[in-house]
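Coordinates in review
Each chain, letter by letter, is given below.
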Amino acid sequence: MFESLVNLFFPKVCMGCNSFLLHNEITICTVCRHDIPLTNHHLNEENEAKMKFYGKIPVEFVATFLYFNKKGIVQELIHNLKYRGHQEIGTALGSWFVEDLKNNKIIQTVDEVIPVPLHKKRLKNRGYNQVTTFAKTISENFGIDCNDEILSRNIYSTTQVYKNLLGRTSVSSATFGVTFTEKNHNKHFLLVDDVLTTGATLEACARELLKIPGAKVSIVCMAMSH
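Because the structure is a prediction, the values reported are computed rather than measured.

1. Some points on the pairing of strand 2 (residues 112–115)
Side chains Glu112 and Ile114 of strand 2 all project onto a buried face; the interleaved residues Val113 and Pro115 project onto the opposite face, where all are buried too. Inspection of the sheet shows strand 2 paired to strand 3 (residues 145–146) by two bridges, in the parallel sense. What sits directly across from Val113, in strand 3, is Cys146. Sheet analysis places strand 2 next to strand 6 (residues 188–196), joined by four bridges and oriented parallel. Residue Val113 lies in a different strand from strand 6, and its bridge partner there is Leu190.

2. Quick word on the state of the cysteines
Taken as a whole and judged by the stated rule, the model has zero disulfides. Of the cysteine sulfurs around Cys29, a residue in no disulfide, the closest is that of Cys14, at 3.6 Å.

3. A closer look at the side chain of Glu25
Relative to the helices and strands, Glu25 resides in the loop between helix 1 (2–9) and helix 2 (30–35). This buried residue, Glu25, is left without a salt bridge; Arg33 holds the nearest opposite charge, at 7.6 Å. Side-chain polar atoms of Glu25 contact the side chain of Thr30, separated by 2.8 Å. Excluding residues that lie within four positions of it along the chain, Glu25 makes contacts with Phe20 and Thr30.

4. A look at the pattern of salt bridges
Summed over the entire model, instances satisfying the criterion amount to seven salt bridges. Taking the shortest distance from any N to any O, the salt bridge between Lys50 and Glu46 comes out at 3.5 Å. Residue Arg84 pairs with Glu76 through a salt bridge whose shortest N-O separation is 3.1 Å. Overall, Glu76 belongs to the partly exposed group, its relative accessible area being 31%.

5. What to know about the side chain of Asp194
Following the sequence through the fold, Asp194 ends up in strand 6. The exposure class of Asp194 is buried, given its relative accessible area of 5%. If we ignore the near neighbours within four places in the chain, the residues touching Asp194 are Lys82, Gln130, Val131, Cys221, Met222 and Ala223.

Parameters and conventions
- Residues numbered from 1 in each chain as written.
- Predicted model: local features only at pLDDT ≥ 70, side-chain atom pairs only at ≥ 80, totals over all residues.
- Heavy atoms only, no water.
- Buried < 20%, exposed > 50% of the residue type's maximum accessible area, 1.4 Å probe, protein only.
- Helix = DSSP H or I, 4+ residues; strand = E, 2+ residues; numbered from the N terminus.
- Pairing = 2+ DSSP bridges.
- Disulfide = S-S within 2.5 Å.
- Lys, Arg positive; Asp, Glu negative; His and termini not counted.
- Salt bridge = Lys/Arg side-chain N within 4 Å of Asp/Glu carboxyl O.
- Polar contact = N/O pair within 3.5 Å; in protein donor to acceptor, adjacent residues only side chain to side chain.
- Contact = heavy atoms within 4.5 Å.

Without other data, these values stay purely geometric and don't point to any function.
This is how it looks when you write it as structure tokens:
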């Protein structure tokens, strides 16, 4: 009764279309779930997301969950997550995506989930890393650790939203750093980010992880610009 009373005065709305959620709907309404463009990358290991890294870095597996289109449902979800504090979106997308990933033999060999880090200044200003809930949901479902300390972002830069394609393609080799010990050797890391655009940020992160002896890297993202 209390929950119904709260919903009466503070109704829950869909994070994709802003319509009122029905009693059995959580975070994203049924209509948006039906209309959201899925990539289905998990069905094809040689997919378009993995092609972004061909000839650049060795990756075991790459998949994104949704297609990101300007003014679309996915853009609204990502913006609500990234700039409006709705971290529950990461949890919802992570729970949905793991259903696609749970039977993937490569993902089953992952040892640790690594969220792409924010610079300390941006983390302080925003208050959270928008990738954390998505990464932790994946790690919890697979029963493996989520390690947010092994990678660090050393250079503070303007948000990707305001960069053109050229700006996004260029990421300094000094932007990220890795701190590891012998216990990190020979591990398979699952690198996690929100939106895959040119792949420059993920490439820079993967290069750092691959400095660890015997390391292997796979990549998953919430969405891919399309």
